[in-house]
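A structural walkthrough
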Amino acid sequence: MARLAVALSGGVDSTLAAWLLKEAGHELLGLTLDLGSHSQPGLAAAAKAAQELGIAHHVVDVHKAFHNQIVRPSLLAYNQGLTPNPCACCNASVKIPFLLNEARAHGCTGLATGHYARLLNSGSQLFLAEALDASKSQAYFLARLNPHLLPFLHFPLGDKTKQEVRAMALSLGLSAAASKDSQDCCFVPPEGFGALLQRYDKPRPGAIENSQGKVLGSHEGLHNFTVGQRRGLGLSAPRPLYVLRLRAERATVVVGHEEELWQSLVYGRQYLDYGQPMNNEPVSVRLRYARQGIMCKSITHKGGTVALELQTPSKGVAPGQLMVFNQGSMVTGSAFIYRPDDE
RNA sequence: UGGGGCGUCGUCAAGCGGUAAGACCCGGGUCUUUGGAAUCCGUAUUCGUAGGUUCGAAUCCUACCGCCCCAG
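These numbers were taken from a predicted model, which means no experiment stands behind them. (Residues numbered from 1 in each chain as written. Chains lettered and ligands numbered in written order. Predicted model: local features only at pLDDT ≥ 70, side-chain atom pairs only at ≥ 80, totals over all residues. Heavy atoms only, no water.)

Another point: the layout of surface pockets. One number sums up the size of the second largest pocket: a volume of about 390 Å³. In terms of lining, the second largest pocket is formed by 22 residues, of which the most central are Glu130, Ala134, Arg286, Gln292 and Gly293. A per-class count over the lining of the second largest pocket returns eight nonpolar, nine polar and five charged. (1 Å grid on protein atoms, 1.4 Å probe; cavity = no way out; pocket = protein on both sides within 12 Å on 5 of 7 lines; lining within 4 Å. Points joined across faces, edges and corners; volume = space filled by probe spheres on them. Nonpolar A, V, L, I, M, F, W, Y, C, P; charged D, E, K, R; others polar.)

The following block contains the structure:
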């Protein structure tokens, strides 16, 4: 059996993925990323998991790349009124590439991770695809991967449910079985990222206005808001107010009622094309993680941008977030949401 | 001190004689490998105080207390 690298975070998913591969007879090398400041507990958990599995383990220090390519740009994006997608960017430009490089340097033929996603063939082409358990699928966060990397990846959990994984880990007595699901952005400290932001830029306070331009109040920093947000505005009104959009130039937060949040026209840029599968499924788009795809009425490509008309309006579409296109379970492309009139 | 206005949940606030809306904040739950995001539930037996009118008052009347504005 081929020598394979497996990404070990110390959590239940990656540990069980490794176990499954080992059971299948692979010779494994566990790899863990050191992302910098809050990663010590994870490193220890990963080392323990490797020890329990009886596999070799290396730590790869990528804190510089992580910081320069993910942390800093994300914080700056927040300050520009965008809502970045650090996890998707991290998978594509830090996690997977660095792990795969390290894997190759150790003579491994590929890299396995504990993501809930699949790789499916259509015609002669390999596609990234949603996990069998669509509700837990993480293909969304992998949809910025360079398609040339797909043939070297393995997702052993793609046909498992989270429940199965946890139950197996528990019955095997793996200590990772008790680990909590990770959640929230991994680099945000408990105090919030306001403090982190101070290191690169200043918070940008400004006015809170309604869509007619009437000033209703003020806020402490644009980075505290995202489109669709309700809490944190501190304004009392006859009906709840939501953030409709963030105007970067003057750091203005525009608010309005829930019904003003729905939209059918959505624009994306930096389109990444994954190709055309053989199935004839209609194209749907996910405008955020943990939401079902929405059918597209029309899709217009122009340069690297894409203009969509949705069949059913969507609420709280936030510029900066990733849009991921599907045909059936196959991922066919992705782009970053933007508003043409913001330019 | 005269004249006017106002006192309803921690905050903003509806109510205008028929038995306390709503929002914010806060607390708790759900969701979540992006969004200090979303979502759900909870939160004043009581309306500045004391009397009075009424079957019934936060709503009307009287007094007192407090705050604000205009005069001076």
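Around RNA strand B, the structure places 40 residues, and the nearest of them are Asn224, Arg230, Pro238, Arg288 and Gln321. Counted by atom, the contact set of RNA strand B within 4 Å of the protein is 63% sugar and phosphate. Contact between RNA strand B and lysine 136: a phosphate oxygen at 3.0 Å from a side-chain N or O atom of the residue. At 3.4 Å from a base nitrogen of RNA strand B is found a main-chain nitrogen or oxygen belonging to valine 227. When the residues that make up the surface near RNA strand B are grouped by side-chain class, the tally is 16 nonpolar, 17 polar and seven charged. (Near = heavy atom within 4 Å. Polar contact = N/O pair within 3.5 Å; in protein donor to acceptor, adjacent residues only side chain to side chain.)

This part takes up helix α6 (residues 162–171). Along α6, the residues that are buried comprise Lys162, Val165 and Ala169. Considered in projection along α6, the buried side chains sweep an arc of 65 degrees and stay on one side of the axis. Exposed side chains of α6 directed beyond 90 degrees from the buried face belong to Gln163, Leu170 and Ser171. Elements in contact with the buried residues of α6: α1 (12–23). Following α6 by one or two positions, glycine 173 adopts a phi angle in the positive range, close to 75 degrees. (Buried < 20%, exposed > 50% of the residue type's maximum accessible area, 1.4 Å probe, protein only. Helix = DSSP H or I, 4+ residues; strand = E, 2+ residues; numbered from the N terminus. Arc of directions from axis to C-beta. Contact = heavy atoms within 4.5 Å.)

Following the sequence through the fold, glycine 173 ends up in the loop between α6 and α7 (193–197). It is 9.4 Å that separates the C-alpha atoms of glycine 173 and glutamate 52, two residues lying 121 residues apart in sequence.

On average, chain A scores 92 in pLDDT, and the residues at 70 or more come to 98%. In the model output, the complex is listed with pTM 0.92 alongside ipTM 0.86. (pLDDT = per-residue confidence, 0-100.)

Another point: the sheet that holds strand β11 (residues 252–256). Strand order in the open sheet made by the four strands is β9-β8-β11-β10, with mixed pairing throughout. The sheet is open, and its two borders are formed by β9 (215–219) and β10 (242–247), each paired with just one other strand. Strand-to-strand, the axes of this sheet are offset by a mean angle of 30 degrees, without reference to chain direction. Direction of pairing for strand β8 (residues 206–210) relative to β11: parallel, over a ladder of three bridges. Bridge pairing in β11 places glutamate 209 opposite valine 254. (Pairing = 2+ DSSP bridges. Axes fitted to C-alpha atoms, helices over the stretch in contact; angles between N-to-C directions.)

Moving on: the environment of valine 283. With respect to the helices and strands, the residue valine 283 is situated in strand β13 (residues 283–286). By relative accessible area, which is 23% here, valine 283 ends up partly exposed. Sequence separation between valine 283 and isoleucine 299 is 16 residues, and the spatial gap between their C-alpha atoms is 8.9 Å. Other than its neighbours up to four places away in sequence, valine 283 contacts Ile294, Met295, Cys296, Ile299, Phe325, Asn326 and Gln327.

What follows deals with empty space enclosed by the protein. Here the structure, examined in full by the defined rule, presents one cavity of 30 Å³ or more. Its volume calculated, the largest cavity comes out at about 40 Å³. Around the largest cavity, the lining residues are Gly81, Val227, Arg245, Leu246, Pro319, Arg339 and Asp342. Here the residues of the lining of the largest cavity are counted per class, giving three nonpolar, one polar and three charged.

If you check the backbone angles, alanine 251 has positive phi at about 55 degrees while not being a glycine. The phi torsion at glutamine 270 lies on the positive side, around 55 degrees, for a residue other than glycine. The residue glutamine 270 is located in strand β12 (residues 262–273) in this model.

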